[in-house]
Amino acid sequence: MKRNKRERQKLLVETIKETPFITDEELAEKFSVSVQTIRLDRLELSIPELRERIKNVAKKSLEDEVKALPIEEVIGEIIDMELDHSAISIFEVQQEHVFTRNGIARGHHLFAQANSLAVAVINDELALTAKANIHFTRSVNLGERIIAKAKVSHIDSITGRTTVEVNSYVNTELVFKGEFDMYRAKK
C-alpha cells in the first residue's frame, strides 16, 4: 500500500526509533519505495545513516564500560554490553574482508569479531583468550551484516577463568559459534 510522503516519514521515524539498526534496504522494502527515497527521507528528517546510528549508540553507552581493551580495538561495533553477562556487536562485511575470487568473508574476521567481543565482555582490566573452540556453520558473503552475541556462561570463583559463548548470525541464520575460555587477572 502506497503512503503519502508525510505518512511515510512519520512511520519511518517510528520504525527507526523501534529498530535503530534497520538498513535502508529493509526500510525501502517495508515501505515499498526505493532505497533512494528512504535516503532522501532520512536526509530531510536529519536521521543519520545506519553506520552513524550504530556508532552513536555504542559511543554513548560503552566508552567507559569496556575495561579489558580500548573500544576502538573491538572488531565490529558494540551495540549492547552488560559486563560479565552479555554483549552484542555488528560487523559489516566489506570488500577488504573477502576473498577477491569469490566474495566470501575470510574466517579470521568472524573469529576476530567473536574473540574481541569475548574479551570486551569481561569485567576486568586484563582478559586474554586461553582457549577457543570454534565452528563456522556457513560462509558469509560480501555485504552481509554479522550480529555477534556473547554470553558469559561460567565464572570460576577460584581461578576467575570465564567461559564466554559467542554465536554470530546473518539475519537469523547462525554462521559462527564459539566457546572461549578466558583468562582474567585475579582480583
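Cut-offs applied
- Residues numbered from 1 in each chain as written.
- Predicted model: local features only at pLDDT ≥ 70, side-chain atom pairs only at ≥ 80, totals over all residues.
- Heavy atoms only, no water.
- UniProt positions renumbered as here; feature names shortened; annotations may be inferred.
- Helix = DSSP H or I, 4+ residues; strand = E, 2+ residues; numbered from the N terminus.
- Contact = heavy atoms within 4.5 Å.
- Core = buried A, V, L, I, M, F, W, Y, C linked by side-chain atoms within 4.5 Å.
- Buried < 20%, exposed > 50% of the residue type's maximum accessible area, 1.4 Å probe, protein only.
- Phe/Tyr/Trp six-rings, centres within 6.5 Å; stacked < 30°, edge-to-face > 60°.
- Lys NZ or Arg CZ within 6 Å of the ring centre and 35° of its normal.
- Salt bridge = Lys/Arg side-chain N within 4 Å of Asp/Glu carboxyl O.

- Named according to an unreviewed UniProt entry, the protein chain is Transcription factor FapR originating from Niallia hominis.
- If you open the UniProt record of the protein chain and go to Sequence similarities (unreviewed entry), you find "Belongs to the FapR family."

### A closer look at the environment of proline 20
Working step 1: Considering the arrangement of structural elements, one finds proline 20 in the loop between helix 1 (5-18) and helix 2 (24-31).
Working step 2: Along the chain, proline 20 and arginine 53 lie 33 residues apart, while their C-alpha atoms are 7.0 Å from each other.
Working step 3: When sequence neighbours within four positions are dropped, the list of residues in contact with proline 20 reads Leu50 and Arg53.

### Some points on the nonpolar core
Working step 1: Val140, Val164 and Val166 are the most contacted members of the largest nonpolar core, which has 30 residues in total.
Working step 2: When contributions to this core are tallied by element, the ones reaching two or more residues are strand 1 (77-82), strand 2 (86-92), helix 5 (107-120), strand 4 (145-155), strand 5 (162-170) and strand 6 (173-184).
Working step 3: Of all the elements, helix 5 adds the most residues to this core, at 6 residues.
Working step 4: Leaving out residues up to four positions away in the same chain, valine 164 has contacts with Ala118, Val121, Ile122, Ala150, Lys151, Val152, Gly178, Glu179, Phe180 and Met182.
Working step 5: Judged by nonpolar contacts, the second largest core, of 9 residues, contains Ile22, Ala28, Phe31 and Ile47.

### As for the packing of aromatic side chains
Working step 1: Applying the stated criterion across every chain yields a total of 2 aromatic pairs.
Working step 2: When the centroid spacing of 5.9 Å and the interplanar angle of 40° are considered together, the rings of phenylalanine 111 and phenylalanine 180 count as tilted. Placement of the pair is phenylalanine 111 in helix 5 and phenylalanine 180 in strand 6, with a sequence separation of 69 residues.
Working step 3: According to the relative accessible area criterion, phenylalanine 111 is partly exposed, its value standing at 28%.
Working step 4: When the ring of phenylalanine 136 is compared with that of phenylalanine 176, the centres are 5.2 Å apart and the planes differ by 65°; the resulting orientation is edge-to-face. Taken together, the residues span a long stretch of sequence, with phenylalanine 136 in strand 3 (residues 127-136) and phenylalanine 176 in strand 6 at a distance of 40 residues.
Working step 5: Its end group placed over the ring of phenylalanine 99, arginine 106 keeps NZ or CZ at 5.2 Å from the ring centre.

### Digging into the pattern of salt bridges
Where side chains of opposite charge bring their charged atoms close, a pairing between them can arise.
Working step 1: Here the structure, examined in full by the defined rule, presents 12 salt bridges.
Working step 2: Arginine 39 is paired through a salt bridge with aspartate 24; the nearest N and O atoms lie 3.3 Å apart. Here the residue arginine 39 occupies a position in helix 3 (residues 35-44), and aspartate 24 occupies one in helix 2, the gap between them amounting to 15 residues.
Working step 3: The exposure class assigned to arginine 39 is partly exposed, which follows from its relative accessible area of 37%.
Working step 4: On the basis of relative accessibility, which here comes to 8%, the residue aspartate 24 falls in the buried class.

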